[in-house]
Amino acid sequence: MPESRQGEAISLEVGVTVAGARTFYLESYGCQMNFSDSEIVASILAGEGYRSAAQPDEADLLLLNTCSIREKAEETIRRRLREFRALKKRRPTLQVGILGCMAERLKNQWLEQEKLVDLVVGPDAYRDLPRLLQHLGEGQRAVNVLLSREETYSDIAPLRLDSNGVSAFVSIMRGCDNMCSFCVVPFTRGRERSRDVCTILDEVKGLADGGYREVTLLGQNVDSYRWAPDDGGVISDFADLLERVAQAAPSMRIRFSTSHPKDLTEKVLHTMARHDNICNYIHLPCQSGSSRILELMNRTYDRNWYLSKVDEIRTILPDCAISSDIIAGFCTETEEDHADTLSLMRYADFCMSYMFCYSERPGTLAARKFADDVPEEVKKRRLSEIIALQNELSLSHNRRDVGTVAEVLVEGRSRRSDERMRGRNLQNKMVVFEDVSACKPGDCVRVQIEEATSATLMGRLIP
Ligand code: SAH
Ligand code: SF4
Ligand code: F3S
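Residues numbered from 1 in each chain as written. Chains lettered and ligands numbered in written order. Predicted model: local features only at pLDDT ≥ 70, side-chain atom pairs only at ≥ 80, totals over all residues. Heavy atoms only, no water.

Moving on to the site of ligand 2. Around ligand 2, the structure places C176, N178, M179, C180, F182, C183, V185, P186, Q220, H260 and R299. Along the lines of polarity and charge, the residues of the shell around ligand 2 split into seven nonpolar, three polar and one charged. (Near = heavy atom within 4 Å. Nonpolar A, V, L, I, M, F, W, Y, C, P; charged D, E, K, R; others polar.)

This is the structure we're talking about:
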């Protein structure tokens, strides 16, 4: 997923302090779904009269929205909790809450093993926050980790406190029914369910009216979106939803993430081809290039199926960029399997990938059935080969753009230099250019691309 990558620990600090009211400080880790959930949590807390604090030491309630995807993600949270412990020593009235996937995975263990934690709330229980906070107010600790088959928070307007006012994320579904053998998500986020199409359209229209220029439709597996209205009306699949979103917000760029190769249909590709405002970019995680490993991963496609999906995308959308997620060193992976991953990457010519060493997660199918038998140093070496190849592919992709004109949606100043602006082209590539005074965030500009690295395109604004 763009910007805050799937499973990476990037923190989002929600700002704005108002004197007098109780205050919360919320930090988010993990995938965009978690960041999107944090906006729901912020909205519910605001409804309870809470104000958000810019710093942990200004808040009465510290919340961590957590990720369990790899062991490292959980270690980051535990480190952060140790820092919170120091704060609580100085201020015993301070309360600490764990939200999200790690709350769901470890449930009551939090309260049994971690004296610091007062509140544990799983991803489907945020609506219960007012009641849980009341318990806290009465000096009790509180837990709700019930998963739901229905909850989509469709009626709660997210509080977009951290937004740049240009791009926003809209959740269209929750949970996952896929059961990839390595993955903890089906356990932490429960069964897959889609959100009412009308509430999605309302939210997108609201964003367009509010001046937003880009929306990313979010789900673990957006292509299996399916909404059947109660009145027996027409069922919408993901292609239908995309079509309606593209029509409802013609001034906005539409993106989506993540696509599972088995569910990405020709109908979706043709819908993308029909609408200029749907970006030609698909995040299509392969995980591995070896059919034998894909079978153990329970991905339900093999190497050839994946490659034929890539061919289909190239035929229907010739200039579509494809990115991926790749796991190095899954159980029993041989050098030959690894070589298959490298050759698949070359064939698919990924513009970008998120790449990880396999990390065994308790309770998953793989943890129960297979030994985590690839030595750590072998995993790391294979990962570094995957990263090196991806850098080469990204660089050659970007070099092909030199000399072309990119349509760039301006996001703000470059992170490296105040004299430059940054934005993204239609394939989601980062473009940096000078001439700061000539445009502002939200503008769509044309940039002549003059230079490229593996991560960024650089160019000149065309007046
Ligand atoms: N729903 C998305 C991905 C969700 S998790 C999809 O199906 O593609 C994001 C990525 O984290 C996965 O694509 C996978 O590459 C990686 N991941 C998940 N579990 C992992 C594990 N146990 N070890 C290493 N990487 C993992
Ligand atoms: Fe995890 Fe697979 Fe679901 Fe993605 S599709 S969230 S990798 S189980
Ligand atoms: Fe992490 Fe949960 Fe997302 S485990 S990747 S925050 S769904």
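Here we take up the site of ligand 1. Taken together, the neighbourhood of ligand 1 is formed by 16 residues, with F182, Q220, Q287, D325 and S359 sitting nearest. A distance of 3.5 Å is found between an oxygen atom of ligand 1 and a side-chain nitrogen or oxygen belonging to R299. Summarising the interface, the protein chains cover 97% of the accessible area of ligand 1, which totals 540 Å² for the free molecule. Listing elements by their share of the shell around ligand 1, those giving two or more residues are β15 (321-328) and β16 (352-357). For the shell around ligand 1, the class distribution of residues is seven nonpolar, five polar and four charged. (Polar contact = N/O pair within 3.5 Å; in protein donor to acceptor, adjacent residues only side chain to side chain. Areas by Shrake-Rupley, 256 points an atom, 1.4 Å probe, with all protein chains shown as cover. Helix = DSSP H or I, 4+ residues; strand = E, 2+ residues; numbered from the N terminus.)

Taken domain by domain, the chain comprises domain 1 (5-144), domain 2 (164-279), domain 3 (280-400) and domain 4 (405-462). In this complex, domain 1 contributes 14 residues to the contact, which on the side of domain 2 involves 15 residues. At the boundary of domain 1 with domain 2, total buried surface from both sides reaches about 1300 Å², with 51% on carbon and sulfur atoms. Looking only at domain 1, the three residues that lose the most surface to domain 2 are Q32, M33 and D124, adding up to 40% of its buried area. For the pair domain 1 and domain 2, the interface holds six residue pairs in polar contact (both at pLDDT 80 or more). For the side of domain 1 that touches domain 2, the element with the highest residue contribution is helix α1 (residues 32-47), accounting for five residues. (Domains from an automatic or database assignment. Contact = heavy atoms within 4.5 Å. Buried area = accessible area lost by both parts, 1.4 Å probe.)

What follows is about the pairing of strand β17 (residues 405-413). For β17 and strand β20 (residues 444-452), the ladder comprises five bridges, and the chain directions are antiparallel. Looking at the pairing, V405 lines up with Q448 of β20. Pairing of β17 with strand β18 (residues 421-424), which is carried by four bridges, proceeds in the antiparallel orientation. Counted as the bridge partner of G412 is R422 from β18. (Pairing = 2+ DSSP bridges.)

With that settled, consider the sheet that holds strand β19 (residues 430-433). Spatially, β17-β18-β19-β21-β20 is the arrangement adopted by the five strands of the closed barrel, whose pairing is mixed. Here the strands of the sheet are splayed against their neighbours by 50° on average, with no regard to which way each runs. As paired elements, β20 and strand β21 (residues 456-461) share five bridges and run antiparallel to each other. In the sheet register, E451 faces β21, and the bridge partner there is M458. (Axes fitted to C-alpha atoms, helices over the stretch in contact; angles between N-to-C directions.)

Here the focus is unusual backbone geometry. Of note, the amide linkage connecting S257 to T258 takes the cis form, showing an omega dihedral of 5°. With respect to the helices and strands, T258 occurs in the loop between β13 (253-257) and α9 (266-274). Positive phi outside glycine occurs at M179, with the angle close to 55°. Relative to the helices and strands, M179 resides in the loop between β8 (173-174) and α6 (185-189). Phi at T300 is positive, roughly 70°, even though this residue is not glycine. Looking at where T300 falls in the secondary structure, it is placed in the loop between α10 (291-296) and α11 (303-316).

Another aspect to go through is the nonpolar core. The nonpolar side chains of a soluble globular protein tend to be buried, and buried together. L217, F238 and Y306 are the most contacted members of the largest nonpolar core, which totals 67 residues. Built from parts of two domains, this core gets at least three residues from each of domain 2 (164-279) and domain 3 (280-400). Apart from the residues lying within four places of it in its own chain, the contact partners of Y306 are P261, L284, P285, C286, Y301, I322, S324, L344, A348 and F350. Of all hydrophobic cores here, the second largest spans 24 residues; its members include L64, I98, M102 and L116. (Core = buried A, V, L, I, M, F, W, Y, C linked by side-chain atoms within 4.5 Å. Buried < 20%, exposed > 50% of the residue type's maximum accessible area, 1.4 Å probe, protein only.)

Let us now look at helix α2 (residues 71-90). Here α2 spans 30 Å end to end across 20 residues, near enough to the 28 Å set by a 1.5 Å rise per residue. Every buried residue belonging to α2 is among A73, E74, T76, I77, R80, L81, F84, L87 and K88, and all of these are buried. For α2, the buried positions fall inside an angular range of 145° around the axis, keeping them on one side. Structural note: α2 exposes K72 and K89 on the side pointing more than 90 degrees away from its buried face. On its buried side, α2 packs onto β1 (23-28), β3 (61-66), β4 (95-100), α3 (101-106) and α4 (109-113). (Expected span 1.5 Å × (residues − 1). Arc of directions from axis to C-beta.)

Looking now at the environment of M430. Of note, M430 is situated in strand β19. Relative accessible area serves as the criterion here: at 14%, M430 is assigned to the buried category. Residues M430 and N398 lie 32 residues apart in sequence; the distance between their C-alpha atoms is 10 Å.

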